[in-house]
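Each chain, letter by letter, is given below.
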Amino acid sequence: MAGTYRRAGAASWGAIWKDERGHNMRKSTFVNISQPGKKEAQTRREAQAVADGYEAVYKGRILYTKQAEIFRATAGPSFDEQRALNKRLDVLRELGTAGGTARKTPTVREYLEGYKPTGGERNHESIARAFSLFITHLGKAADIRLDRLTREHCQGFIDAQAARVRSSSVTRYRTSLSAAFNAAVNSELLTRNPMSGTKVPQEHAAGKIKRESLTPAEIARFLQHAPQHWRDMVNICLATGGQRIGDCACLKWNAVDLAAGTISIITQKTGAEVKNPLIEPLKSRLEELWAEREPGEEYVLPHMAQRYLHAPGYVSTEFVALLDASGISTVKTGSTKGERRQVHNKTFHSLRRGLVSLLRDGGASADMSRAIVGHSSEEVERTYYRATMEGKAAHLTQALQAIFGPQEAAPVIPPTAPDYRRQA
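Just so it is clear, the structure is predicted and the values come from calculations on it, not from any experiment.

1. Quick notes on the overall build of the protein
Right, so step 1: The helix and strand tally for the protein stands at 18 helices and eight strands.
Right, so step 2: Long-range pairs, those at least 24 residues apart, make up 62% of the contacts in the protein with a sequence separation of at least 6.
Right, so step 3: Carbon and sulfur atoms provide 53% of the accessible area of the protein, an area that totals close to 24100 Å².

Structure (structure tokens):
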């Protein structure tokens, strides 16, 4: 057990304990022996608590970052107390390096490379991309201990990426890293998340991508002109809650229960399960495809699955080309500054946006919409909603009728009738 001592003429108590070789370790506790309104026995008890903390950190019984939080919680607000606290924190860092806790604290590189994220495969790829970019940005600093990572390191990374890619991408990087650092806080490797307080610079309006939804009329027009395999893709997408292009192309028969009338998809992006009832016309079409399938075939649309697994970007590009061929206008939006690229305002994902809008305009609650589509939160679901002109007109009419009462339609004046507005 650590002890305390006082040297002749010293103003503060000292801490003493033995290392693994039996040698005495001595450090100042920075607790003044004489303090106004306190007896010496009281100040010695305060010094003993500091000494015990020093020894625990040195011998690896507690992480020095955790002990630092204990010291912060007990320090007073006065200038002298805060100055003494900072000196104790310096001692903890030194002891953590020399003693057992240093061996328990990984480097930034070691921690991120060993971190196990949650979610689907696509989510893992996105997180790995963020970690790789962060480690590359840090350079030699990636090999410092994790608890030495600062907000300045993190903000520097964010600013560097903001000059290279879109703010939405930088936000994803920040979210991935912040989740990893939060896990380190929960594991008591860190006392605070170094990503907290960082800010992602926002792009000017001219550089933002304008993503739009597909309207019911546009979807109907596309289905009139598209080949059968793309009609099946759209049918699967809409009837399963607007699932993404990869989930629709790679849908397997083990996700379909024709007898129970359900379809269950584990999304590639998040790994979440979205289970919905089978409704027409998808149910009838799946029964046809089941009857036509080759023995042992696992994919519902084997041709689309093969093409998507080989070249997912080409499949997405083909859908946009078919939109244009159907007379549905698509344009590229967004800035090309840095490594940014322009993207089309209408893609396969626009079906998902359109479905959310139809559900909400049709009176579905936010909870029901999320359950059908599979969004993780109302905030995410809200970004997908695009109010239609028909929906606006219906709700405005209802609101105005509550004020003025039902209004009769304005009479249509025949072309041959006199224009009474011009009469005196």
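Now, onward.
2. Observations regarding the sheet that holds strand β5 (residues 262–266)
Right, so step 1: Strand order in the open sheet formed by three strands is β4-β5-β6, and the pairing between neighbours is antiparallel. Each end of this open sheet is capped by a strand with a single partner; those strands are β4 (256–257) and β6 (273–277).
Right, so step 2: Pairing geometry for β4 and β5, over two bridges, is antiparallel. What sits directly across from Asp257, in β5, is Thr262.

3. Digging into the side chain of Asp19
Right, so step 1: Along the chain, Asp19 falls in the loop between β2 (12–18) and β3 (24–32).
Right, so step 2: When its relative accessible area of 8% is taken as the criterion, Asp19 is described as buried.
Right, so step 3: Polar side-chain contacts of Asp19 include one of 2.8 Å to the backbone nitrogen of His23.
Right, so step 4: In this structure, Asp19 is in contact with Met25 and Tyr58, ignoring residues within four places of it in sequence.

4. Points about the nonpolar core
Right, so step 1: Core analysis: the biggest nonpolar cluster contains 37 residues, and Phe222, Trp230, Met233, Val300, Phe319 and Phe348 have the highest contact counts within it.
Right, so step 2: At the level of secondary structure, the elements contributing two or more residues to this core comprise α9 (216–225), α10 (228–239), α11 (245–249), β5, α12 (282–292), α13 (302–310) and α14 (312–325).
Right, so step 3: By residue number, the principal contributor to this core is α10, which donates six residues.
Right, so step 4: Once you skip the residues sitting within four places of it in the chain, Val300 turns out to touch Ile236, Leu251, Lys252, Trp253, Val256, Leu286 and Leu289.
Right, so step 5: With 30 residues, the next largest nonpolar core counts Tyr111, Ala142, Leu177 and Ala180 among its residues.

5. Quick look at the confidence of the model for the protein
Right, so step 1: The predicted model of the protein averages 83 in pLDDT, with 83% of residues at 70 or higher.
Right, so step 2: Predicted confidence in the protein is weakest over helix α4 (residues 101–104), with a mean pLDDT of 54, and strongest over strand β1 (residues 3–5), with 94.
Right, so step 3: Contacts from residues 420–424, a stretch scored under 50 in pLDDT, to residues over four places away or in other chains number one contact.

6. A word on the pairing of β6
Right, so step 1: A one-sided burial pattern is seen for β6, the buried positions being Val274 and Asn276 and the unburied ones Glu273, Lys275 and Pro277.
Right, so step 2: Pairing of β5 with β6 involves five bridges; the strand directions are antiparallel. Pairing of Ile263 across the sheet is with Asn276, part of β6.
Right, so step 3: Hairpin connection of β5 to β6: six residues between the antiparallel strands, including Gly271 at a positive phi of 75 degrees.

7. Quick word on the pattern of salt bridges
Right, so step 1: Considering all chains together, one arrives at 17 salt bridges under this definition.
Right, so step 2: Its salt-bridge partner being Glu94, residue Lys27 comes within 2.7 Å of it at the nearest N-O pair. Of this pair, Lys27 sits in strand β3 while Glu94 sits in helix α3 (residues 79–98), and the two are 67 residues apart along the sequence.
Right, so step 3: On the accessibility criterion, Glu94 (44% relative accessible area) is partly exposed.
Right, so step 4: One salt-bridge network, held together by shared partners, links Glu55, Lys59 and Arg61.

8. Structural notes on the pairing of β5
Right, so step 1: Of all five residues in β5, four are buried; the element is thus mostly enclosed.
Right, so step 2: The hairpin turn running from β4 into β5, its antiparallel successor, is four residues long, and Gly261 in that turn takes a positive phi close to 75 degrees.

9. Examining the environment of Ser168
Right, so step 1: With respect to the helices and strands, Ser168 occurs in helix α8 (residues 167–186).
Right, so step 2: The exposure class assigned to Ser168 is partly exposed, which follows from its relative accessible area of 40%.
Right, so step 3: For the pair formed by Ser168 and Gln202, sequence separation is 34 residues and the distance between their alpha carbons is 8.9 Å.

10. Quick look at the sheet that holds β1
Right, so step 1: Read from one edge to the other, the open sheet built from three strands follows the order β1-β2-β3, with strand pairing classed as antiparallel. The two strands at the open ends of the sheet, each matched to only one other strand, are β1 and β3. The sheet shows a mean angle of 35 degrees between the axes of neighbouring strands, taken without regard to direction.
Right, so step 2: Inspection of the sheet shows β2 paired to β3 by six bridges, in the antiparallel sense.

11. Some remarks on α9
Side chains of residues three or four places apart in an α-helix project in the same direction, reflecting 3.6 residues per turn.
Right, so step 1: Here α9 has its buried residues at Glu218, Ile219 and Phe222. Looking down the long axis of α9, one finds its buried residues gathered within 100 degrees of arc, a one-sided arrangement. Away from its buried face by more than 90 degrees, α9 exposes Ala217 and Gln224.
Right, so step 2: On its buried face, α9 sits against α10, α14 and α15 (349–361).

The rules we used
Residues numbered from 1 in each chain as written. Predicted model: local features only at pLDDT ≥ 70, side-chain atom pairs only at ≥ 80, totals over all residues. Heavy atoms only, no water. Helix = DSSP H or I, 4+ residues; strand = E, 2+ residues; numbered from the N terminus. Contact = heavy atoms within 4.5 Å. Areas by Shrake-Rupley, 256 points an atom, 1.4 Å probe, with all protein chains shown as cover. Pairing = 2+ DSSP bridges. Buried < 20%, exposed > 50% of the residue type's maximum accessible area, 1.4 Å probe, protein only. Polar contact = N/O pair within 3.5 Å; in protein donor to acceptor, adjacent residues only side chain to side chain. Core = buried A, V, L, I, M, F, W, Y, C linked by side-chain atoms within 4.5 Å. pLDDT = per-residue confidence, 0-100. Salt bridge = Lys/Arg side-chain N within 4 Å of Asp/Glu carboxyl O. Axes fitted to C-alpha atoms, helices over the stretch in contact; angles between N-to-C directions. Arc of directions from axis to C-beta.

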